[in-house]
2 protein chains.
Amino acid sequence: MSDSAKAFQTDEQFNQRLHTSGFRFTPQRQHVYNVLMETRDHPTADQVFIRSREGMPEISMATVYNCLDALVKSGLVRQVSLDRAATRYCPNMTEHCHFHCTDCGKIFDIDLDDKPSVPEAKLPRGFKPEQIEVSMRGHCPDKGCSGHSRN
Amino acid sequence: MSDSAKAFQTDEQFNQRLHTSGFRFTPQRQHVYNVLMETRDHPTADQVFIRSREGMPEISMATVYNCLDALVKSGLVRQVSLDRAATRYCPNMTEHCHFHCTDCGKIFDIDLDDKPSVPEAKLPRGFKPEQIEVSMRGHCPDKGCSGHSRN
DNA sequence: CTATCTATTTAGAATAATTCTAATTATTGA
DNA sequence: TCAATAATTAGAATTATTCTAAATAGATAG
């Protein structure tokens, strides 16, 4: 109600995005989004909740989860770890990456001959990676998964 | 006690690995490892627990977590999602990957000009990726993090 | 503009995943 | 063998996330 013209254009686009994905615009969603944009430091849902309450004291945790979910599904926000389910374990210590099938939920090992090296040159000065992980999501070749069925 | 000679050599190496990382050999650790090697399907800790009980009915959930942790720290097993903490959110929708600093816990956006494309040609027939994520762990440039301190 | 329909929000309960605790047991090394 | 330490166990505790039911808000048809 008090945010001024400068943000309006963005709000329009924001609105669009939500609508396209079948969500309504709500002040809570806008607020959660603003909170994320304000400090781009990869907060947890709980941190988002705490920050969101500053400008919107009545907001609930459930709403924060709901908003984050809507924002992710609208392509406005990303989850840093693709999956929020239980951790899985893998005894394959060779160079490989993981393919999560979004249809059947299975995880496949995909061998990589090119080991996933992000050349250090590309990293800002001072970053020293010790482990690089590549993961993919999509459809696996199993029957019913490869985009044959609607879901 | 009944596993035969073929596995012995492996056991030796297994033992070595644990010792090098400061862990003792225990039948539970061996068993959990065997369970993982038996069916390489990325089970959750809970699934490992259920399977482990088949050959070792007295094993507890806490031990399974303990064993998995020891195996991961010894480099014998990987966690599929690098982090088992709360999901984090990121409003940066440009092509980038994430760098987790193992010292300070911060997550940094790293821009990628080469978008992380695993050429479809490399994938086994039928896999259709829709999203590719690259993430790194290591030391960030912040003071005290870049390997200056021992940890 | 009002009634209605549906999406959203809310608080709090429920569930799921993981970690912690305290007592017991096993292993190592003097 | 004995002491010291590490690991295991059951179960409680914690944390992250999802669910539920009631209340509210927004869009739409009249």
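Just so it is clear, the model here is predicted, and its values are computed rather than measured.

A. Main features of the overall build of chain A. Scanning chain A from N- to C-terminus turns up four helices and five strands. The secondary structure elements of chain A, listed N-terminal to C-terminal, are α-α-α-α-β-β-β-β-β. Of all 151 residues assigned to chain A, the portion counted as buried reaches 40%. Accessible surface for chain A amounts to roughly 8900 Å². Of this, 49% is attributable to carbon and sulfur atoms.

B. Seen up close, the protein's contact with DNA strand D. Close to DNA strand D lie 16 residues; A:Tyr65, B:Thr26, B:Arg29, B:Thr63 and B:Asn66 are nearest. Taking all atoms of DNA strand D within 4 Å of the protein, the share assigned to sugar and phosphate is 81%. Contact between DNA strand D and A:Tyr65: a phosphate oxygen at 2.5 Å from a side-chain N or O atom of the residue. Listing elements by their share of the surface near DNA strand D, those giving two or more residues are helix H4 (61–73) of chain A together with helix H2 (27–38) and helix H4 (61–73) of chain B. Considering every element that reaches the surface near DNA strand D, the biggest residue donor is H4(B), with three residues. Here the residues of the surface near DNA strand D are counted per class, giving six nonpolar, six polar and four charged.

C. Main features of the sheet that holds strand S5 (residues 128–139) of chain A. Taken in spatial order, the six strands of this open sheet run S4(A)-S3(A)-S5(A)-S5(B)-S3(B)-S4(B), and their pairing is mixed. The two strands at the open ends of the sheet, each matched to only one other strand, are strand S4 (107–111) of chain A together with strand S4 (107–111) of chain B. Each neighbouring strand pair of the sheet contributes to a mean axis angle of 30°, computed without reference to strand direction. Pairing geometry for strand S3 (residues 96–101) of chain A and S5(A), over four bridges, is parallel. The residue of S5(A) that forms the bridge with A:Phe99 is A:Met136.

D. Spatial organisation of the protein's contact with DNA strand C. For DNA strand C, the set of nearby residues contains 17 residues, the closest of which are A:Thr26, A:Arg29, A:Thr63, A:Thr87 and B:Tyr65. Sugar and phosphate atoms represent 80% of those atoms of DNA strand C found within 4 Å of the protein. Taking A:Thr63, its side chain carries an N or O atom lying 2.5 Å from a phosphate oxygen of DNA strand C. Elements with a contribution of two residues or more to the surface near DNA strand C: helix H2 (27–38) and H4 of chain A together with H4 of chain B. In terms of residue count, the dominant contributor to the surface near DNA strand C is H4(A) (three residues).

E. Local environment of the interface of chain B and chain A. Between chain B and chain A, the residue contacts involve 62 residues of the former and 61 residues of the latter. Across the chain B to chain A interface the summed buried area is about 6000 Å²; carbon plus sulfur atoms make up 58%. Applying the counting rule to chain B against chain A returns zero salt bridges. Counting residues per element, the ones that place at least two in the side of chain B that touches chain A are H2, helix H3 (45–55), H4, strand S1 (78–79), strand S2 (89–90), strand S3 (96–101), S4 and strand S5 (128–139) of chain B. Taken together, the residues that form the side of chain B that touches chain A break down as 30 nonpolar, 18 polar and 14 charged. As paired elements, strand S2 (residues 89–90) of chain A and S1(B) share two bridges and run antiparallel to each other. Directly across from A:Cys90, in S1(B), lies its bridge partner B:Arg78.

Thresholds applied
- Position numbers for residues start from 1 in each chain and track the written sequence from start to end.
- Just so you know, chain letters begin at A and ligand numbers begin at 1, following the order they were written in.
- A pLDDT threshold of at least 70 governs which residues receive local features in this predicted model, and a stricter bar of 80 or more applies before side-chain atom pairs are shown or counted, although totals over entire chains, interfaces and linings include all residues.
- For the side-chain quantities, the full set of heavy atoms in the structure was used; hydrogens and water were omitted.
- Only DSSP runs of H or I covering at least 4 residues are called helices, and only runs of E covering at least 2 are called strands; the numbering of each starts at the N terminus.
- The cut-offs for exposure are 20% and 50% of the maximum accessible area for each residue type, with area from a 1.4 Å probe on protein chains only; residues under the lower value are buried, those over the upper are exposed, and the others partly exposed.
- Accessible surface is estimated by sampling points in the Shrake-Rupley manner with a 1.4 Å probe; for residues, cover comes only from the protein chains shown.
- Any residue with at least one heavy atom within 4 Å of a molecule or strand is counted as near it.
- Two N or O atoms form a polar contact when they lie within 3.5 Å of each other; inside protein one atom must be a possible hydrogen donor and the other a possible acceptor, and for residues adjacent in sequence the pair counts only when both atoms belong to side chains.
- Basically, the charged four are Asp, Glu, Lys and Arg, the nonpolar ten are Ala, Val, Leu, Ile, Met, Phe, Trp, Tyr, Cys and Pro, and anything else, Gly included, counts as polar.
- Two strands pair if DSSP finds at least two bridges between them.
- Each axis is a line fitted through C-alpha atoms, taken for helices only over the stretch in contact, and angles between the N-to-C directions span 0 to 180 degrees.
- Residue contacts follow a heavy-atom distance rule, with two residues in contact if any of their heavy atoms lie within 4.5 Å.
- Buried area is calculated as the accessible area (1.4 Å probe) missing from two parts once they are joined, with the contributions of both summed.
- In what follows, salt bridge is the name for a side-chain nitrogen of Lys or Arg lying within 4 Å of a carboxyl oxygen of Asp or Glu.

The values are spatial; any link to function lies outside them.
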